[in-house]
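# Structural description and commentary
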Amino acid sequence: MATFDDLLEEAGTFGRCQKRIFALLCLLSIPVSAVYVGIVFQGFTPDHWCRDAAVVERRQACSWSLSDSRRLTALVVNNSGVLQQSSCEQYEVDWNNTRLTCDSQELNLTNVPVTACKDGWEYQYEGRKSLVTEFNLVCSDAWLVDMYQSILNVGFLIGSFAFGYLADRFGRRVSIMMSNILNLIAGIVLAVVPNYISILVVRCIFGFGVKGGWMNGYVLLTEMVGAEYRRTVGIVYQMFFSVGNLILPLLAYYITDWRWLQVVITAPYLFFLPYYWFIPESPRWLISQKNTAKALEITEAMAKENKKKLSKNFEGDSPSASLLDLFRTPNMRKHTFILMFNWFTSAVVYQGLIMRVGIAGGNVYIDFLISGLVEFPAAFLILITIERIGRRLPFAAANIVAGAACVITAFIPDSMFWFKTVVACIGRLGITMAFEMVVFVNTELYPTFIRNLGVSVCSTLCDIGGIVSPFLLYRLAFIWLELPLIIFGRFLTFLNDDWIRGWAILQILVSIQYQVNTGPVLPILIPILILFT
């Protein structure tokens, strides 16, 4: 009796039927990008300062600019050696009882006491509306923006387990349909709920469905094609995630309200609902459920669409999966733990680098688009290298390049803008390559009967990384904008401490020059700490 792989050879390993399924499932990957990193635009924090109603009234009467009125409320503070106006403190002056004239913006307020913002904030955002401006998530409440992204990854984490179980219990096709229905409902509800707590709850549900659908689409796709095509279709499937990264800034530029942007991000799931009738169930899953008759029926339909005929029957024996199978043998344990670690680091750094675009200070739409374009060469580099030199060397090289680029970017002065941008893009290229490789290697290392379980369990570390990443980025950036890049570099080179120590010594020398030029002492301390950790 033949195995299913033998039968698939007869039916066609990547014929017309698989190409049709491949095209449909790749479209499923596009909106996932906007869900995953939409916080860059939905949670954008514009330049802001304390609002004072009396000053606003006088500005309107005297036709002051925003900068003129801002001088009366926002004191100048020293932020890591850079003088800038405070976003969270204001002069403690009762402007209602102070005579304000149209020349008052020139007042000397040097010795006036200060206090925290009392009357909300004003934003330099040109008529746009983000989650931050709607709920005033700044200053002491800025961490709630981190929570908005972290709660999505909590949903991803739960969805990994739940949809992994649902896919193994009820099938890949059914779980994808359930995901699309849930995504459509939760995504629209998220756009209309009125308060922040409700937003967090619904966003967690949204993440729950999105992760499950994307993951099961990936597994279904790799199970429908021959072994020689799995890595290619897997990489291209992820490349469509990068296509979403190019579409997102264009949508965000023209859609000025974060809630309407949420509606547009959700809309594609309406068109995915008919997938249930256009995509067959995985024959491999059916075999694992002892339903060989249905598996044979689907395989025959695939062969017919591919204009081929079957001449063999096949064995339907496939062992059932359990969590212990991922740790049962020493080799399997090693694979599982290494994959978990790499899922975690890839998620932290990839998500962190994307979110950093929103706080780097440049044009967020152009910067996001440029960094998104960099992801496409990653897929081609993988396809070119893995067949010639294997997986380990490209994967290690991608991590080292990404880690080194993160660190080097941190110490390039802002005056060298284009050089800093190029190095940052190299880092984005490296981490994209590493992330895409860990996804398809995960499916290659496990046999069919535990493949979906293995991807589900290992990718939970990706979600834990996603929970940590927003707090790591935004809170450390509050101390020093480039500090998260140092941490990202350390994550990616964790397994090679000798290289790290040599790198740290080099960075001490670089940071001394940086300190001479710009003043901050912090850049000197960071490599020293890394050297001895």
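Keep in mind the model is a prediction, meaning the values are calculated, not measured.

### With respect to the overall build of the chain
A tally of regular secondary structure across the chain gives 24 helices and 6 strands. Put simply, the chain has 533 residues, and 56% of those count as buried. Taking the contacts inside the chain whose residues are at least 6 apart along the sequence as the reference set, 78% of them involve residues at least 24 apart. By element, 65% of the accessible surface of the chain is carried by carbon and sulfur atoms, the whole surface being about 23200 Å².

### Here we look at the state of the cysteines
In the structure shown here, the tally under the stated rule is 2 disulfides. Across the disulfide, Cys50 is cross-linked to Cys117 (sulfur-sulfur distance 1.7 Å). An S-S torsion of about -65° defines the bridge between Cys50 and Cys117 as left-handed. In this pair, Cys50 sits in strand S1 (residues 47-50) while Cys117 sits in the loop between strand S5 (114-116) and strand S6 (121-124), placing the two residues 67 residues apart along the sequence. Residue classification places Cys50 among the buried residues on the basis of a relative accessible area of 1%. Look at Cys117 and you get buried, because its relative accessible area is 16%. The disulfide partner of Cys88 is Cys139, and the S-S distance across this bridge is 2.0 Å.

### Observations concerning a nonpolar patch on the surface
A contiguous nonpolar patch, built from Ile181, Ile185, Val189 and Val192 and spanning about 340 Å² of accessible area, is present on the exposed surface. Locating Val189 in the fold gives a position in helix H8 (residues 172-192). Accessibility expressed as a relative area gives 33% for Val189, which makes it partly exposed.

### Here's the deal with the pattern of salt bridges
Tallied over the full model, the rule gives 17 salt bridges. Close ionic contact of Glu375 with Arg428 constitutes a salt bridge, the shortest N to O distance being 2.7 Å. Taken as a pair, Glu375 in helix H18 (residues 375-389) and Arg428 in helix H20 (residues 417-445) lie far apart in primary sequence, 53 residues in all. Taking relative accessible area as the criterion, Glu375 reaches 1% and is therefore assigned buried. Linking Lys420 and Asp414 is a salt bridge whose minimum nitrogen-to-oxygen distance equals 3.0 Å. Judged by its relative accessible area of 9%, Lys420 falls in the buried class.

### A few points about the packing of aromatic side chains
Overall, the coordinates contain 24 aromatic pairs when judged by the stated rule. With 6.0 Å between their ring centres and 65° between their planes, Tyr36 and Phe241 make a pair best called edge-to-face. On the criterion of sequence distance, the pair formed by Tyr36 in helix H2 (residues 16-37) and Phe241 in helix H10 (residues 227-254) is long-range, its members being 205 residues apart. Between Phe411 and Trp480, the aromatic rings sit 6.1 Å apart at their centres with planes inclined by 55°, giving tilted as the arrangement.

### Describing the confidence of the model for the chain
Mean pLDDT for the chain: 83, with 86% of residues reaching 70 or above. When mean pLDDT is taken per element in the chain, helix H11 (residues 258-266) scores highest with 96 and helix H24 (residues 522-531) scores lowest with 41. Predicted confidence is poor over residues 496-533, with pLDDT under 50, and the contacts of this stretch with residues over four places away or in other chains come to 47 contacts.

### Some details on the packing of helix H9 (residues 196-224) against H10
The description of two packed helices rests on the angle between their axes and on the distance between the axes. Where H9 contacts H10, the axes come no closer than 9 Å and their chain directions differ by 155°. Our classification of the angle between H9 and H10 gives roughly antiparallel. Crossing hand, H9 versus H10: right-handed. Note on element contacts: H10 touches H9 through Arg230, Val233, Gly234, Tyr237 and Gln238, opposite Gly213, Trp214, Gly217, Tyr218, Leu221 and Thr222. Considered class by class, the residues forming the contact of H9 with H10 number 5 nonpolar, 5 polar and 1 charged.

Here is what the cut-offs are and how they apply
Residues numbered from 1 in each chain as written. Predicted model: local features only at pLDDT ≥ 70, side-chain atom pairs only at ≥ 80, totals over all residues. Heavy atoms only, no water. Helix = DSSP H or I, 4+ residues; strand = E, 2+ residues; numbered from the N terminus. Buried < 20%, exposed > 50% of the residue type's maximum accessible area, 1.4 Å probe, protein only. Contact = heavy atoms within 4.5 Å. Areas by Shrake-Rupley, 256 points an atom, 1.4 Å probe, with all protein chains shown as cover. Disulfide = S-S within 2.5 Å. Patch = residues over 30% accessible without salt bridge, like charges linked within 9 Å, V, L, I, M, F, W, Y side chains within 5 Å. Salt bridge = Lys/Arg side-chain N within 4 Å of Asp/Glu carboxyl O. Phe/Tyr/Trp six-rings, centres within 6.5 Å; stacked < 30°, edge-to-face > 60°. pLDDT = per-residue confidence, 0-100. Axes fitted to C-alpha atoms, helices over the stretch in contact; angles between N-to-C directions. Parallel < 35°, antiparallel > 145°, perpendicular 65-115°, else oblique. Left-handed = near helix turned anticlockwise from the far one by under 90°. Nonpolar A, V, L, I, M, F, W, Y, C, P; charged D, E, K, R; others polar.

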